[in-house]
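Single-letter residue listing:
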Amino acid sequence: MTKKVIFVGGTSYSGSTFFHLTLANDPAGFGAGEIRHLFRPTKERFVRGTWVCGCGDPACTLWERVKQRGEDNLYDSIFELNPEVEFIVDASKNIVWVDEQSERLARKGYDVRHIMIWKTLPEFAHSLQKRNRLQDGAELGSWPRYHKLYYSFIDQWRAVKYGHYTHDQETTLRAACKQLEIPFFEGKERFWEKRHHVLGGNLSSRIHLYAKDSDKYQDVRRRAEGTRELGAAESHHRRVYYEEPNTAALQEHITRLRRECPEIDQIEAMLLAHDIAAPTPGRDWPELQLSDAEMRMRQLRQYTKDQFGRIRYALRGSRARRPEPQQARN
Ligand SMILES: [Zn+2]
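Quick caveat, the model's predicted, so the values are computed rather than measured. (Residues numbered from 1 in each chain as written. Predicted model: local features only at pLDDT ≥ 70, side-chain atom pairs only at ≥ 80, totals over all residues. Heavy atoms only, no water.)

Participant: I'm lost on the coordination of the zinc ion in this one. Help?
Facilitator: When a metal holds four donors in a tetrahedron, each ideal angle between them is 109.5 degrees; when it holds six in an octahedron, the ideal angles are 90 or 180 degrees. Protein-derived ligands of the zinc ion are Cys53 (SG), Cys55 (SG), Cys60 (SG) and His197 (ND1), with the metal-ligand distances lying across 2.1 to 2.3 Å. Every donor residue of the zinc ion comes from the same chain, spaced as C-x1-C-x4-C-x136-H. (Donors = N, O, S within 2.8 Å, 3.2 Å for Na, K, Ca; no water.)

Participant: Sorry if this is basic, but what is going on with the nonpolar core here?
Facilitator: Here is a general trend for soluble globular proteins: nonpolar side chains tend to be buried in one another's company. If you look at the biggest cluster of nonpolar residues, it comprises 55 residues, and the most contacted ones within it are Trp63, Tyr75, Ile88 and Trp157. Ranked by residue count, the leading element in this core is helix H7 (residues 142-153), at six residues. Residue contacts for Ile88: discarding those within four places in its chain leaves Lys4, Val5, Ile6, Phe30, Ala32, Tyr75, Ile78 and Phe79. Core analysis: the second largest hydrophobic core is formed by 18 residues, Val8, Val160, Tyr162 and Ile182 among them. (Core = buried A, V, L, I, M, F, W, Y, C linked by side-chain atoms within 4.5 Å. Buried < 20%, exposed > 50% of the residue type's maximum accessible area, 1.4 Å probe, protein only. Helix = DSSP H or I, 4+ residues; strand = E, 2+ residues; numbered from the N terminus. Contact = heavy atoms within 4.5 Å.)

Participant: Hey, could you run me through the pairing of strand S1 (residues 4-9) in this one?
Facilitator: On any regular strand, side chains alternate: one points to one face of the sheet, the next to the other face. Among the six residues in S1, six count as buried, and that is most of the element. Bridging between S1 and strand S4 (residues 111-118) involves six bridges; their strand directions are parallel. What sits directly across from Phe7, in S4, is His114. (Pairing = 2+ DSSP bridges.)

Participant: Just to check I follow, could you spell out the domain arrangement of the chain for this structure?
Facilitator: Often, the extent of an interface is quoted as the loss of accessible area upon association of its parts. The domain boundaries assigned to the chain delineate domain 1 (4-290) and domain 2 (291-330). Taking the mean C-alpha position of each, domain 1 and domain 2 sit 25 Å from one another. Each partner contributes residues to the interface: domain 1 has 17 residues there, and domain 2 has 12 residues. Across the contact surface, domain 1 and domain 2 share three salt bridges. The salt bridge partner of Arg36 is Asp306, with a shortest N-O separation of 2.8 Å. (Domains from an automatic or database assignment. Salt bridge = Lys/Arg side-chain N within 4 Å of Asp/Glu carboxyl O.)

Participant: Would you mind showing me how to read the sheet that holds strand S2 (residues 29-33) here?
Facilitator: Across a sheet, strands are paired by hydrogen bonds formed along the backbone, either parallel or antiparallel in direction. Taken in spatial order, the five strands of this open sheet run S2-S3-S1-S4-S5, and their pairing is parallel. In this open sheet, the two strands that pair with only one neighbour each are S2 and strand S5 (158-161). Adjacent strand axes in the sheet meet at a mean angle of 25 degrees, parallel and antiparallel pairs treated alike. Against the sheet, H7 contacts S1 and S4, and its axis sits at roughly 160 degrees relative to S4. (Axes fitted to C-alpha atoms, helices over the stretch in contact; angles between N-to-C directions.)

Participant: Could you clarify how one ought to interpret helix H1 (residues 16-24) in this entry?
Facilitator: Structurally, the α-helix is built with 3.6 residues per turn, so residues lying three or four positions apart point the same way. Counted residue by residue, H1 has nine buried out of nine residues, so it is predominantly covered. Restricting attention to buried positions, one finds in H1 the residues Ser16, Thr17, Phe18, Phe19, His20, Leu21, Thr22, Leu23 and Ala24.

Participant: When you look at the packing of aromatic side chains in this model, what are you seeing that I'm missing?
Facilitator: In this description, a pair of aromatic rings is defined by centroid distance and the angle of the planes. Applying the stated criterion to the full structure yields nine aromatic pairs. Relative to Trp157, the ring of Tyr150 lies with its centre 4.9 Å away and its plane at 85 degrees, an arrangement referred to as edge-to-face. For Trp157, a relative accessible area of 2% puts it in the buried group. Its end group placed over the ring of Tyr162, Lys119 keeps NZ or CZ at 4.6 Å from the ring centre. One Lys or Arg, Arg283, reaches over the ring of Tyr151 and ends 4.4 Å from the middle of that ring. (Phe/Tyr/Trp six-rings, centres within 6.5 Å; stacked < 30°, edge-to-face > 60°. Lys NZ or Arg CZ within 6 Å of the ring centre and 35° of its normal.)

Participant: I would appreciate a short explanation of the side chain of Ser14 in the present structure.
Facilitator: One can find Ser14 in the loop between S1 and H1. Among the polar contacts made by the side chain of Ser14, one reaches the main-chain carbonyl oxygen of Thr11 at a distance of 2.8 Å. The contact partners of Ser14, leaving out residues within four places of it in the chain, are Ile117, Lys119 and Tyr162. (Polar contact = N/O pair within 3.5 Å; in protein donor to acceptor, adjacent residues only side chain to side chain.)

Participant: Hey, could you run me through unusual backbone geometry in this one?
Facilitator: Most peptide bonds take the trans form, and the phi angle of most residues other than glycine is negative. For Tyr13, which is not glycine, the phi torsion reads 60 degrees and is therefore positive. As for its placement among the helices and strands, Tyr13 is situated in the loop between S1 and H1. Taking the relative accessible area as the measure of exposure, Tyr13 reaches 9% and is therefore buried. Unlike most non-glycine residues, Asn132 shows phi in positive territory, near 65 degrees. Among the secondary structure elements, Asn132 is positioned in the loop between helix H6 (121-130) and H7.

The following block contains the structure:
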């Protein structure tokens, strides 16, 4: 069987971490989390000691070994180090990364699949509001931006509507597995029954990996202290849940965004047309497609950001190891 890599896309708070772990819950599956950050850290927390493997074993060296073998061999290394694995699920949401890696994997003969999980704009606004991130409106703009980018960059992908997933998890999961050509089985949604070497992902997804009476559970709680990151993950431990957005309270923000971005309805129609249960969609939304120049610009910006992060965090790492920082600079 051809080894497979599945990329799970989605905006922040779309449920992508949760969903990717569910897909990876299979004896032959491997949920990698946001592995992009292993090679291209963009934030301090990705190089901190607390950014550890989700398997819970402090002696786990899997990611160290993968890192040593280099970014070009990332997926090959995971397959080689875990011979039972037939498919990897990557939850790195960055579209330029997904595009780049997909090309590289296809060249190497892997079977590459793309699936995206999405919330409606009011649902997304609600998620931001719960975490106090709706105020300036800037983050709300990532909803049209992300979905247009995804549409422009990614070929052949299918979508899972978050609301469908929470209302009928089994049917949706079954349809997703069928699309991705991976096995579905009774109990697949109980992803915590498998040990995942998962990297990154938000704390509200990670907490479901651990039993309530475990040290790891308490550790996640400690790390989320003073933030709103856990949301309702504790009261809904290990359950997918749907919260009806209070549209009246969000209306002002949504109206403003609609004025700035008149394509909101087309984006939603485009996402629905890509649904896993719908027939194969065509490329029927030329107004959502970025021009070649815009796409190149996006790649270039990402490249610059990645290079900057690499230099910045590599320096930080080497400084921490060297006793005399003065000499290290020369
Ligand atoms: Zn591990």
